[in-house]
Amino acid sequence: MMNDTPLLTRDAFKHFLPIQTRWNDMDRYGHVNNMVFYGYFDTVVTDYIMRVGGMNPDVDTVGGLVIESKCHYHKPIAFPSVVQAGLRIGKLGRSSVRYEVGIFVDDDTEIAADGYFVHVYVDKATMRPTPVPDAMRAALQALCVNDNEF
């Protein structure tokens with residue numbers, strides 16, 4: 001199914017993390033396997049929320065559960081390349097966050113893939129939704145692209 005929506009560009013993202021592709025990321029078709037892209041998504045988000053948002057999964061009583069994810073593939077990536085994973089926040093709710101990710105290759109201006117995943121923050125003891133912690137919220141607000149709430 002074709003989509004007439006213009007593809008996102010690098011300037012649509014507020015934070016980037018370089019990620020080196022690995023030889024074992026490749027599939028028999030000579031490009032990075034589709035499931036590896038979700039690893040890129042998880043890596044850029046987790047790195048940001050730990051380094052900037054202060055998340056410490058060993059001691060935090062609150063954690064994020066992925067409840068939805070999607071990836072659109074636009075062009076293949078091969079080894080060796082450095083993926084530039086762009087991150088922005090599409091929606092920041094009381095207890096949920098929609099992380100939006102753009103995958104670029106080396107210095108290429110064309111997006112290779114884009115997608116998102118949604119975290120619902122929960123109390124680890126009860127597994128019930130709980131507000132996004134204040135320090136995390138402040139870090140996430142810096143990447144918000146709009147004021148939408150869940």
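Residues numbered from 1 in each chain as written. Predicted model: local features only at pLDDT ≥ 70, side-chain atom pairs only at ≥ 80, totals over all residues. Heavy atoms only, no water.

A.B. asks: Is there a simple way to explain the pairing of strand β1 (residues 15–20) in this structure?
C.D. replies: Residue alternation in β1 divides its side chains into a buried set, His-15, Leu-17 and Ile-19, and an unburied set, Phe-16, Pro-18 and Gln-20. Bridge count between β1 and strand β3 (residues 82–92): 6 bridges; the pairing is antiparallel. Looking at β3, one finds that Ile-19 is bridged to Val-83. (Buried < 20%, exposed > 50% of the residue type's maximum accessible area, 1.4 Å probe, protein only. Helix = DSSP H or I, 4+ residues; strand = E, 2+ residues; numbered from the N terminus. Pairing = 2+ DSSP bridges.)

A.B. asks: Can you help me understand unusual backbone geometry in this one?
C.D. replies: Apart from glycine, the bulk of residues carry a negative phi angle, and the bulk of peptide bonds sit in the trans form. A cis amide bond, omega 0°, links Phe-79 with the succeeding residue Pro-80. By the secondary structure assignment, Pro-80 is in the loop between β2 (62–73) and β3. Although it is not a glycine, Asp-106 sits at a positive phi angle of roughly 50°. Backbone geometry places Met-127, a non-glycine residue, at a positive phi of 60°.

A.B. asks: Help me understand the nonpolar core in this model?
C.D. replies: Nonpolar side chains tend toward joint burial in soluble globular proteins. Residues Ile-49, Tyr-99, Ile-103 and Leu-140 are the most contacted members of the largest nonpolar core, which totals 35 residues. Within the residue set of this core, elements represented by two or more residues are β1, α1 (34–51), β2, β3, β4 (96–105), β5 (113–123) and α2 (134–141). (Core = buried A, V, L, I, M, F, W, Y, C linked by side-chain atoms within 4.5 Å.)

A.B. asks: I keep staring at α2 and nothing clicks. Help me out?
C.D. replies: The α-helix winds at 3.6 residues per turn, so residues separated by three or four positions along the chain end up facing the same way. When we look at burial in α2, the residues that qualify are Met-136, Ala-139 and Leu-140. The buried residues of α2 occupy an angular sector of 95° when the element is viewed end-on, so they sit on one face. Counted as exposed and oriented over 90 degrees from the buried face of α2: Asp-134 and Ala-135. On its buried face, α2 is in contact with α1, β3, β4 and β5. (Arc of directions from axis to C-beta. Contact = heavy atoms within 4.5 Å.)

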